[in-house]
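What follows is the residue order along each chain.
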Amino acid sequence: MAGTVAVKPSTVKRGGRWSPWLFAIPALAVYVAFLVYPALSSLWFSLTNWDGLSATYKFVGLDNYFKLPHDPVVVSAVQNNLIWTVVTIAVPTVIGLLLAIALNGKVHGKPILRLIFYTPAVLPLVSIASIWGWLYNPQYGAINSFLRMIGLDGLAQAWLGQDSTALWAVMVPAIWLRTGFPMLLYLAALQGIPNELYEAATVDGATKWQQFWHVTMPSLRPAHYIVLALSLIDSFKVFDMIYAMTYGGPGTSTQVMGTWMYFNVFQYYQAGYGTAIAVVITLVAVAVGIPYVRSQTREAS
Amino acid sequence: MSNFTRRGFLGLTSAAALGAGLSACTGGGASTGGGATQSGSNELRLFTYEGDETIGLLKAQIKKFDEQNGTTTTVDSLPGSGAAVYPDKLRTELLGGKGPDIWRIWGGQIGAPFAKAKQALDLSPYYSKYGWDSKISTTAIGGMTFDGVKTGVPFVSLGIGAWYNKSLFAKAGVSGPPKTYAELEALNDKLVAVGVTPCGLGGKYGWDIMRLFEYLLEHTAGPDLHDKLLTGAESWDRPEVVEAFTLFKKWQDKKWLPQGALGLDPADIEPGYVQGKTAYTITGPWTEAAAILTAKKSPAGFGNFELPTDKTPARHSGFVEGYMINAKTGNADKAAALLDFILQPAAQKAMQISASTVKGAEPDPKALPLSAEWSTKYGGNPFYTIQDQAFPKKQADQYFSVQSDLLQGSVQPDAAAKKMQEIVSAWAKS
């Protein structure tokens, strides 16, 4: 037995203090190459007058950022983003919650109903845009035809063809396709609430409404966080639905920051200016996301 | 202000971030680009926006060329988007270092950025080598010449006119096309009276409904003034422009356009005249193959006419489309040889090009009777540059925005004319 040395397992450190970094390198490399590097190069291009096509450009400092508040389309795009964000977070969340509560009860054909409500979320967006484009057709569309059929001719509109209704008309399919997701999350959360809580509340004489506010809602807190955070991200990055349904029009009435960034970078050959818009969108999204991340960190700890 | 090169920046930062190995891939000016073929290679890639109805004909001719020359040419297409999306895709491919060797593009301000950025090759040597100057219409070559450099070779020169449904005209008691603007208005009234929407145009993207306004401007301003307005040489803040905007609004208010035209997709509403939903549309000869023949309708049920301007000379809107060669291709000679091959009259006819720029490749009256009729009757008339090619995209979109505001009643014709002057003068100064 002489010569054997007992070594405590805890003192073995293969690779020393660098070993965690070695494991992290593959992920870090991908992160740096595909996120950090493009983000930094975008930041750089936002300080130039690059047209997005030529080999050369000039450094213009913060000129692109100073131009932003003087661009009337940026002003209306910010307003549209705010309206879009509030409506497409609030409405699908509330409808999703109500549907989840309804489907959590004793309802016949629950799986079929879940499928029906969730199906819009998996449809290709271009199909959704085409379907709703036809529904909104002023002359032959189902919506106006229905309104005329029930005698409400006065309400038949050129929904996508006028500034006053175009943005709202695009929001309807956005709500339609986004309701299924919160519904599923809430449904999963509702099924996790112990029945004993409701039984205790019933024994204490709580009404259904009181049970909802004092048992259901507090129990859904983690689900609320997830739903709101993901909805916020979805709303901020709105681009595809507007692009496919109205192309930012009529005129520029449905432009949002995402589409206006795209138009400048890809269509107007003003990549420097368009990238400045992209940087602003990112900063706002990060600023809005901070409270969520902090709250999640607190939850975890 | 310092001058930078994009490749230099990419190379420098890549080197800093990822080391010399990666920088060697992205930096340096000698790269041919990932997608452009290398010198000596027998592979070519052509990017176009041909639709399903014609892409097969193009591919057949390219296959023929490949067989004769030992090349392999890949054809990629992005159909249906019009000038709204295709240039973006092309630009992205070029920026990503993966550009096609040859691409199809519109002339005027849509093709101009690719020439200005020197992404497209100067084709002057090939014009001399293949004698394109004498084989192709001079006016069309002008549409693909940018700052005096022949950066593209045109193969189609398209005129815009009215394409109509004969049975709906007959329903309104009209026997033939109008000869004057007053007759056109009277025709519209008769069509509305029998419950037919006269002119099928859609305002999504702006360019389709613009075709009506540019016609009205030609009618009120006349050729000389119209041309000057397009270059910013004359002010838009003038009675002729106000009158054109007034007429434009009148077309909507009198229901000569479809209800809610501003929100309609041109792809949905343009074929309306073939489907019997509208009496006519304002479009070019491609509609014969794309809308009439695709719907398996007989061309005999349809007709076309040049929109009457009441001005001399009679003109219509028009534009050219052609091909460019990637400045970074390693295969410029073979790419040019391919272009020369598909510019031959026989190839143009085989591809059923309805408005070829190539002498001797006029449309076949048997295959495309209406296109042949347009070519015979109006093909020789002068044309003014279609306005979405006359202005850069940004100014064109601002222009569409003014038209949109006017049709919605939020801007009056005189204010619209003033706004247009602001847009055009700002562009002309830049």
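Residues numbered from 1 in each chain as written. Chains lettered and ligands numbered in written order. Predicted model: local features only at pLDDT ≥ 70, side-chain atom pairs only at ≥ 80, totals over all residues. Heavy atoms only, no water.

Draft legend 1. Region of the structure containing the overall build of chain A. Scanning chain A for helices and strands turns up 14 helices and 1 strand. A globule of 301 residues ought to have a C-alpha radius of gyration of about 19 Å, yet chain A, at 26 Å, is considerably larger. Based on the C-alpha atoms only, the size of chain A along its principal axes is roughly 100 × 75 × 30 Å. Within chain A, the proportion of its 301 residues that are buried is 40%. Once local pairs closer than 6 in sequence are excluded, the contacts in chain A between residues at least 24 apart make up 62%. Total accessible area on chain A stands at roughly 17000 Å², and carbon and sulfur atoms take up 71% of it. Positive and negative side-chain charges of chain A, numbering 16 and 11 respectively, have mean locations separated by a distance of 14 Å. (Helix = DSSP H or I, 4+ residues; strand = E, 2+ residues; numbered from the N terminus. Rg over C-alpha atoms; globule rule 2.2 N^0.38 Å. Buried < 20%, exposed > 50% of the residue type's maximum accessible area, 1.4 Å probe, protein only. Contact = heavy atoms within 4.5 Å. Areas by Shrake-Rupley, 256 points an atom, 1.4 Å probe, with all protein chains shown as cover. Lys, Arg positive; Asp, Glu negative; His and termini not counted. Charge placed at Lys NZ, Arg CZ, Asp CG, Glu CD.)

Draft legend 2. Here's a closer look at the interface of chain B and chain A. Across the boundary between the two partners, chain B contributes 41 residues, which contact 42 residues of chain A. Of the roughly 3700 Å² buried between chain B and chain A on both sides combined, carbon and sulfur atoms contribute 57%. Scanning the region where chain B abuts chain A turns up 13 residue pairs in polar contact (both at pLDDT 80 or more). Put simply, the parts of the chain that give the side of chain B that touches chain A at least two residues each are β1 (3-5), α1 (6-18), α4 (86-95), α5 (108-116) and α20 (393-407) of chain B. Per element, the largest residue contribution to the side of chain B that touches chain A is 7 residues, and it comes from α1 of chain B. (Buried area = accessible area lost by both parts, 1.4 Å probe. Polar contact = N/O pair within 3.5 Å; in protein donor to acceptor, adjacent residues only side chain to side chain.)

Draft legend 3. Expanded view of the environment of Leu-28 of chain A. Residue and element names in this part refer to chain A. Position of Leu-28 relative to the elements: it lies in helix α1 (residues 19-45). Relative accessible area serves as the criterion here: at 34%, Leu-28 is assigned to the partly exposed category. Measuring from C-alpha to C-alpha, the distance between Leu-28 and Asp-51 comes to 32 Å, with 23 residues separating the pair along the chain.

Draft legend 4. Representation of the pairing of strand β11 (residues 316-325) of chain B within the structure. All names here are of chain B. Most of β11 sits inside the fold, with 10 of its 10 residues counted as buried. Burial along β11 is two-sided: His-316, Gly-318, Val-320, Gly-322 and Met-324 and Ser-317, Phe-319, Glu-321, Tyr-323 and Ile-325, pointing in opposite directions, are all buried. As paired elements, strand β4 (residues 102-106) and β11 share 5 bridges and run antiparallel to each other. Bridging across to β11, Ile-102 finds its partner in Ile-325. The sheet contact formed by strand β7 (residues 153-165) and β11 spans 7 bridges and is antiparallel. Paired with Gly-159 across the bridge in β11 is Gly-318. Relative to strand β12 (residues 383-385), β11 is paired through 3 bridges, and the arrangement is parallel. Residue pairing across strands places Ser-317 opposite Tyr-384, the latter belonging to β12. (Pairing = 2+ DSSP bridges.)

Draft legend 5. Representation of the side chain of Gln-395 of chain B. Looking at where Gln-395 of chain B falls in the secondary structure, it is placed in helix α20. Not counting residues within four places of it along the chain, the set of residues in contact with Gln-395 of chain B comprises Ile-423 and Trp-427 of chain B.

Draft legend 6. How the structure looks around a nonpolar patch on the surface. A cluster of nonpolar side chains, namely Trp-18, Trp-21, Leu-28, Tyr-31, Val-32 and Leu-35 of chain A, defines an oily patch on the protein surface of about 630 Å² accessible area. Structurally, Leu-35 of chain A is set in helix α1. (Patch = residues over 30% accessible without salt bridge, like charges linked within 9 Å, V, L, I, M, F, W, Y side chains within 5 Å. Salt bridge = Lys/Arg side-chain N within 4 Å of Asp/Glu carboxyl O.)

Draft legend 7. Structural view of the nonpolar core. Grouped together as the largest cluster of nonpolar side chains are 116 residues, with contacts concentrated most on Trp-103, Ile-105, Trp-236, Trp-251 and Tyr-280 of chain B. The greatest single-element share of this core, amounting to 12 residues, is contributed by helix α11 (residues 207-231) of chain B. Looking at which domains feed residues into this core, each of domain 1 (43-159 + 318-379) and domain 2 (161-283 + 391-429) of chain B supplies at least three. Core analysis: the next-biggest nonpolar cluster, separate from the first, contains 21 residues, Trp-132, Leu-160, Ala-174 and Ile-242 of chain A among them. (Core = buried A, V, L, I, M, F, W, Y, C linked by side-chain atoms within 4.5 Å. Domains from an automatic or database assignment.)

Draft legend 8. View of the domain arrangement of chain B. Residues and elements named next belong to chain B. According to the domain assignment, chain B consists of domain 1 (43-159 + 318-379) and domain 2 (161-283 + 391-429). For domain 1 and domain 2, the distance between their C-alpha centroids amounts to 29 Å. Counting from both sides, the interface comprises 6 residues of domain 1 and, opposite them, 7 residues of domain 2. Across the domain 1 to domain 2 interface the summed buried area is about 590 Å²; carbon plus sulfur atoms make up 69%. For the interface between domain 1 and domain 2, the tally reads 0 residue pairs in polar contact (both at pLDDT 80 or more).

Draft legend 9. Spatial organisation of α11 of chain B. Residue and element names in this part refer to chain B. The end-to-end C-alpha distance of α11, which contains 25 residues, comes to just 18 Å, noticeably less than the 36 Å that a straight helix rising 1.5 Å per residue would cover. At Gly-222, α11 shows its strongest bend, of approximately 115°, with the proline Pro-223 following within four residues. For α11, the tally of buried residues reaches 21 of 25 residues, placing the bulk of the element in the interior. After α11 finishes, the residue Gly-232 shows a positive phi value of roughly 80°. (Expected span 1.5 Å × (residues − 1). Bend = angle between axes of the 7 residues up to and from the residue.)

Draft legend 10. Structural view of the packing of aromatic side chains. One pass over the full model with this rule turns up 49 aromatic pairs over all chains. With a centroid separation of 5.3 Å and an interplanar angle of 85°, the aromatic rings of Tyr-243 of chain A and Tyr-262 of chain A are classed as edge-to-face. Placement of Tyr-243 of chain A in helix α12 (residues 240-245) and of Tyr-262 of chain A in helix α13 (residues 257-267) is noted, with a sequence separation of 19 residues between them. Judged by its relative accessible area of 18%, Tyr-243 of chain A falls in the buried class. Pairing Tyr-280 of chain B with Phe-305 of chain B gives two aromatic rings, centres 6.4 Å apart and planes at 55°, and the pair type is tilted. Within this pair, whereas Tyr-280 of chain B is found in strand β9 (residues 278-283), its partner Phe-305 of chain B is found in strand β10 (residues 302-305), the two being separated by 25 residues in sequence. The exposure classification of Tyr-280 of chain B matches that of Phe-305 of chain B, with both residues buried. Here the aromatic residues Phe-239, Tyr-243, Tyr-247, Trp-260, Tyr-262, Phe-263, Phe-266 and Tyr-268 of chain A together with Tyr-205 of chain B are joined through ring pairs into a cluster of three or more. The residue whose ring lies beneath Lys-150 of chain B is Tyr-127 of chain B, and the NZ or CZ to ring-centre distance is 5.0 Å. (Phe/Tyr/Trp six-rings, centres within 6.5 Å; stacked < 30°, edge-to-face > 60°. Lys NZ or Arg CZ within 6 Å of the ring centre and 35° of its normal.)

Draft legend 11. A look at the UniProt feature "transmembrane region" (unreviewed entry) in chain A. Mapped onto this structure's residue numbering, the UniProt feature "transmembrane region" (unreviewed entry) falls at residues 21-40, 82-103, 115-136, 156-177, 225-248 and 268-293 of chain A. Helix and strand shares over residues 225-248 of chain A are 75% and 0% respectively, and the end C-alpha atoms of the span are 31 Å apart. (UniProt positions renumbered as here; feature names shortened; annotations may be inferred.)

Draft legend 12. Geometry of the UniProt feature "domain: ABC transmembrane type-1" (unreviewed entry) in chain A. Cross-referencing UniProt, the feature "domain: ABC transmembrane type-1" (unreviewed entry) maps to residues 78-294 of chain A in the present numbering. A distance of 26 Å separates the end C-alpha atoms of residues 78-294 of chain A, which is 76% helix and 0% strand.

Draft legend 13. Structural detail: the pattern of salt bridges. Residue and element names in this part refer to chain B. Under the criterion given, the structure shown has 21 salt bridges over all chains. A salt bridge links Asp-133 to Lys-150; the nearest nitrogen and oxygen atoms lie 3.0 Å apart. On the criterion of sequence distance, the pair formed by Asp-133 in helix α7 (residues 132-135) and Lys-150 in strand β6 (residues 149-150) is long-range, its members being 17 residues apart. Taken together, the salt bridges that share partners define one network made up of Arg-45, Asp-76, Lys-89 and Glu-93.

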